[in-house]
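# Per-entry structural report
The primary structure of each chain is shown beneath.
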Amino acid sequence: MFGHLLEPRPRAGHKGSFGHVLAIAGSHGKTGAAAMCGMAALRSGAGLVTVASEESAIPVIAGHAAELMTEALPSGRASAGVEKIAEKKDVIAIGPGLGANPETVAMVRRAFAEFAQPMVVDADALNALAGTAWSGGGKFRVLTPHPGEMGRLVGRTIAEISADRLGAARGLATARQVTVVLKGERTLIAFPDGRVWINPTGTPAMGTGGTGDILTGLIAGFLGQFPEDPSQAIAGAVYLHGLAGELGAAALTEKCLVATDLLRYLPAALEECARLPHRL
């Protein structure tokens, strides 16, 4: 399915060839979410990653990895300032650890409605959309809710979502014209045209804080590298995320796996997939 995405890179490729991801993420006390999202995009193969966050969080985020570039979000989340940061970026990931103050919520809603780039929407950004009359509006949008976030988006309980995960994912994707990655056992990828793909990888070991931030970064990184094949890019990111979790759990046990271990085992997941391209 997505095995061709794992083929060797062109010899003439450079950092400008593999996409520039902007992660609008993090806030005071939640800098790790932004750093994990950004590092996951880098580990997926993105050429460049910039993390935009509130000014007080920038030194901590930058301290996680020298490879991450950073930008301070403008005071008051001014629309023009955020739009300036987004210029020349290929993909936007928004939401991990972002916070829920009114200025941030307003900024998320504007960015979702107005920015032209493909956007991966997670965590606090999903909550910012909940209860409003949003839609994809012809733009490429990927939403990555867990069941609680999904329930808030559609006005249903977690129990109701869990009772019909496929129907909930397909219903939201077709009604709002977005791609929905509904996380959980057998993560679902629902497309605006009604197709739903069921991901076979994953483990209960991934039920720990931060694994969703890693997934958001991986999807954004793959979309940046493979803009011509977005459906396969999303499927590849979801599959590898789960497989890295399986490999990590096998080595570290289900209880001891933490989110950043997914980045440690991502190379092994990539190698395993590359050995079995006929199955992908």
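A brief structural summary. (Residues numbered from 1 in each chain as written. Predicted model: local features only at pLDDT ≥ 70, side-chain atom pairs only at ≥ 80, totals over all residues. Heavy atoms only, no water.)

Further remarks concern the overall build of the protein. A count of helices and strands for the protein gives 11 helices and nine strands. By principal-axis analysis of the C-alpha atoms, the protein measures approximately 50 × 45 × 35 Å. The long-range fraction of contacts in the protein, counting pairs at least 24 apart against all pairs at least 6 apart in sequence, stands at 63%. As presented, the protein carries roughly 11900 Å² of accessible surface, and 54% of it is formed by carbon and sulfur atoms. Seen as two clouds, the 25 positive and the 25 negative side-chain charges of the protein have centres 1 Å apart. (Helix = DSSP H or I, 4+ residues; strand = E, 2+ residues; numbered from the N terminus. Contact = heavy atoms within 4.5 Å. Areas by Shrake-Rupley, 256 points an atom, 1.4 Å probe, with all protein chains shown as cover. Lys, Arg positive; Asp, Glu negative; His and termini not counted. Charge placed at Lys NZ, Arg CZ, Asp CG, Glu CD.)

Tracing the sequence through the fold places Q117 in the loop between α4 (102–114) and β5 (119–121). Note on Q117: relative accessible area 14%, which makes it buried. Of note is the side chain of Q117, whose polar atom sits 2.8 Å from the backbone oxygen of A86. Every residue in contact with Q117, bar those within four places of it in the chain, is listed here: A86, K89, D90, V91, I92, F140 and R141. (Buried < 20%, exposed > 50% of the residue type's maximum accessible area, 1.4 Å probe, protein only. Polar contact = N/O pair within 3.5 Å; in protein donor to acceptor, adjacent residues only side chain to side chain.)

What follows concerns the side chain of T211. When you line up the elements, T211 lands in helix α9 (residues 211–225). In terms of polar contacts, T211 uses its side chain to reach the backbone carbonyl oxygen of M206, at 2.9 Å. Discounting residues that sit within four places of it in the chain, T211 has contacts with M206, H241, A259 and L262.

Moving on, we get to α9. In this model, α9 (15 residues) spans 21 Å end to end at C-alpha, consistent with the 21 Å of a helix rising 1.5 Å per residue. In terms of burial, α9 is a largely internal element, 15 of the 15 residues being buried. (Expected span 1.5 Å × (residues − 1).)

It is at 7 Å that the axes of helix α10 (residues 230–252) and helix α11 (residues 261–275) come closest, and there the two elements cross at 110°. By the angle between their axes, α10 is roughly perpendicular relative to α11. As for how α10 packs across α11, the hand of that crossing is right-handed. Facing α10, whose interface residues are Y239, L240, H241, L243, A244, G245, L247, G248, A251 and L252, α11 presents D261, L262, R264, Y265, L266, A268, A269, L270, E272 and C273. When grouped by side-chain class, the residues that make up the contact of α10 with α11 number 14 nonpolar, three polar and three charged. (Axes fitted to C-alpha atoms, helices over the stretch in contact; angles between N-to-C directions. Parallel < 35°, antiparallel > 145°, perpendicular 65-115°, else oblique. Left-handed = near helix turned anticlockwise from the far one by under 90°. Nonpolar A, V, L, I, M, F, W, Y, C, P; charged D, E, K, R; others polar.)

Side chains T179 and V181 project from strand β7 (residues 179–182) onto one buried face, and the interleaved V180 and L182 project onto a second face that is buried too. Here two bridges tie strand β6 (residues 141–143) to β7, and the two strands are oriented parallel to one another. Opposite V142, over in β7, you have T179 as the bridge partner. Sheet topology note: the β7/strand β8 (residues 188–190) ladder contains three bridges and is antiparallel. From the neighbouring strand, L182 faces β8, where its bridge partner is L188. (Pairing = 2+ DSSP bridges.)

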